[in-house]
Amino acid sequence: MPRTARDVVFVDGVRTPFGKAGKGLYAETRADDLVVRVIRELLRRNPGLPPERVDEVAIAATTQIGDQGLTIGRSAALLAGLPRSVPGYAIDRMCAGAMTAVTTSGAGISFGAYDIAIAGGVEHMGRHPMGEGVDPNPRFLSEKLVDTSALVMGNTAENLHDRYPAITKDRADAYALRSQEKVAKAYADGKMQPDLVEVLVRSAEQGYGLADADEPPRPETTLEGLAGLKTPFRAHGNVTPGNAAGLNDGATGAIIAAEDVAAQMGLNAPMRLVDFSFAGVEPEVMGEGPVPATERLLARQQMGVDEIGLIEINEAFAVQVLAFLEHFGIADDDTRVNPWGGAIALGHPLASSGVRLMMQLARQFAERPDVRYGLTTMCVGMGMGGTVLWENTNWEGAAK
């Protein structure tokens, strides 16, 4: 039988507070338990969704070993108490893992294979450092398929500074400071807290406690302090721990559904999936990935960037965000971009971050019925970028 594509909506998203890798919040917490906490909270917050109506659980992790292995989408679904009839799987597209979990699930829903899915990601970089267990094929270097710098993300950011010489260290630091300031204001205004699920944690030193806020933000940051930080990836370089995201732990999850099914079940859906695009770039400048991904999407939709009212871009490095803004002629301090701050302050637990972008956009849509379209976009290791276009279901112009 021929199938008709269905509209897909983002119903709800939650995340654990993000922690610092190493001796941070989750030093003694398992990665799969973070995912379980997210799944259970999604179901608790949406009582109109019977667990047996979940058709798929797609969870991303970049390092799929240990407590991030064992097909984590399926294992986390079982641990969370979902019926055994609910399947699940794991995804890896490095930083865009959770983004890919959403777009892949959304494509399945649009096609009619699913009605409802839970999609998200987790990264416990304290337990599983970036690149753990990786064995790059020697052909990458022997056949000069990539430069050696492509395998170290900080080096790729320095390369991006070379490509965009107008993006100076001072400019990157100024952007990083704004990210810290915006996150601090968002917390003070109560913007972040509704999307966080508390996690029971323990440590040998302090015993049991609750993780209820992000650990990485540094509200005391100053330009003077940023200027004095070392550049670990290149002598006299531009990339520092202050203008880049840190090494973090955390999990995210979202309910994605067919719009008609969500309406039938009384599930409020703040935004509609319009289109998505992934693109490849030279691995040596992986931070440029959001540019072609966004260009392809906008060209397909016959839209200009001026029609986008909100942009949530992952801040792996300040230079990566600034390169995107410079390419599209957007000012560094444009109010459409990351209104509540981003990963430089909040942290970037790799595969989980794509859904954090979506959650923040959904919250902003609810406050901005004047905005119709928004983007979530990010760079991806090994030279890729991903962009998703969303429509505000509460857009005031829809009723006209």
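This is a predicted model, so every value here is computed, not measured. (Residues numbered from 1 in each chain as written. Predicted model: local features only at pLDDT ≥ 70, side-chain atom pairs only at ≥ 80, totals over all residues. Heavy atoms only, no water.)

## Things to note about the pattern of salt bridges
Link 1 in the chain: Taken as a whole, this structure holds 25 salt bridges when the rule is applied.
Link 2 in the chain: A salt bridge links D162 to R234; its shortest N-O distance comes to 3.0 Å. With D162 in helix α5 (residues 153–163) and R234 in the loop between α7 (223–227) and β8 (248–258), this pair connects stretches of sequence that are 72 residues apart.
Link 3 in the chain: Judged by relative accessible area, which is 45%, D162 ranks as partly exposed.
Link 4 in the chain: Residue classification places R234 among the partly exposed residues on the basis of a relative accessible area of 30%.
Link 5 in the chain: Salt bridges sharing common partners tie together E259, R272, R372 and E391. (Salt bridge = Lys/Arg side-chain N within 4 Å of Asp/Glu carboxyl O. Helix = DSSP H or I, 4+ residues; strand = E, 2+ residues; numbered from the N terminus. Buried < 20%, exposed > 50% of the residue type's maximum accessible area, 1.4 Å probe, protein only.)

## Overview of the UniProt feature "domain: Thiolase C-terminal" (unreviewed entry) in the chain
Link 1 in the chain: Listed under "domain: Thiolase C-terminal" (unreviewed entry) in the UniProt record, and renumbered for this structure, are residues 272–389.
Link 2 in the chain: Spanning residues 272–389, this segment combines 35% helix with 23% strand, and its end C-alpha atoms are found 9 Å apart. (UniProt positions renumbered as here; feature names shortened; annotations may be inferred.)

## Re the packing of aromatic side chains
Link 1 in the chain: Per the stated rule, a full pass over the model turns up three aromatic pairs.
Link 2 in the chain: Seen in terms of ring centroids, F10 and W390 are 6.0 Å apart; in terms of plane orientation they differ by 85 degrees. Their pairing is edge-to-face. Placement of F10 in strand β1 (residues 8–15) and of W390 in strand β12 (residues 384–392) is noted, with a sequence separation of 380 residues between them. The exposure classification of F10 matches that of W390, with both residues buried.
Link 3 in the chain: A centroid spacing of 4.9 Å and a plane angle of 55 degrees characterise the contact between F324 and F328, whose relative ring orientation is tilted.
Link 4 in the chain: The exposure class assigned to F328 is buried, which follows from its relative accessible area of 17%.
Link 5 in the chain: Here the basic side chain of R15 rests over the ring of F18, its NZ or CZ set 4.5 Å away from the ring centre.
Link 6 in the chain: Here R93 stacks its cationic end above the ring of F278, 3.7 Å away from the centre of that ring. (Phe/Tyr/Trp six-rings, centres within 6.5 Å; stacked < 30°, edge-to-face > 60°. Lys NZ or Arg CZ within 6 Å of the ring centre and 35° of its normal.)

## Let's talk about the environment of V146
Link 1 in the chain: Counting through the fold element by element, V146 comes out in the loop between α4 (139–142) and α5.
Link 2 in the chain: A relative accessible area of 10% means that V146 is categorised as buried.
Link 3 in the chain: Sequence-wise, V146 and A316 are 170 residues apart; in three dimensions their C-alpha atoms are separated by 21 Å.
Link 4 in the chain: Other than its neighbours up to four places away in sequence, V146 contacts F140, L141, P283 and E284. (Contact = heavy atoms within 4.5 Å.)

## So, the nonpolar core
Link 1 in the chain: Counting 75 residues, the largest nonpolar core has F10, I39, V57, V122, M358 and W390 as its most contacted members.
Link 2 in the chain: Per element, the largest residue contribution to this core is eight residues, and it comes from helix α1 (residues 31–45).
Link 3 in the chain: Once you skip the residues sitting within four places of it in the chain, F10 turns out to touch A254, I255, I256, A269, P270, M271, M358, M359, A362 and W390.
Link 4 in the chain: Listed in part, the 39 residues of the second largest apolar core include L177, L297, V321 and A323. (Core = buried A, V, L, I, M, F, W, Y, C linked by side-chain atoms within 4.5 Å.)

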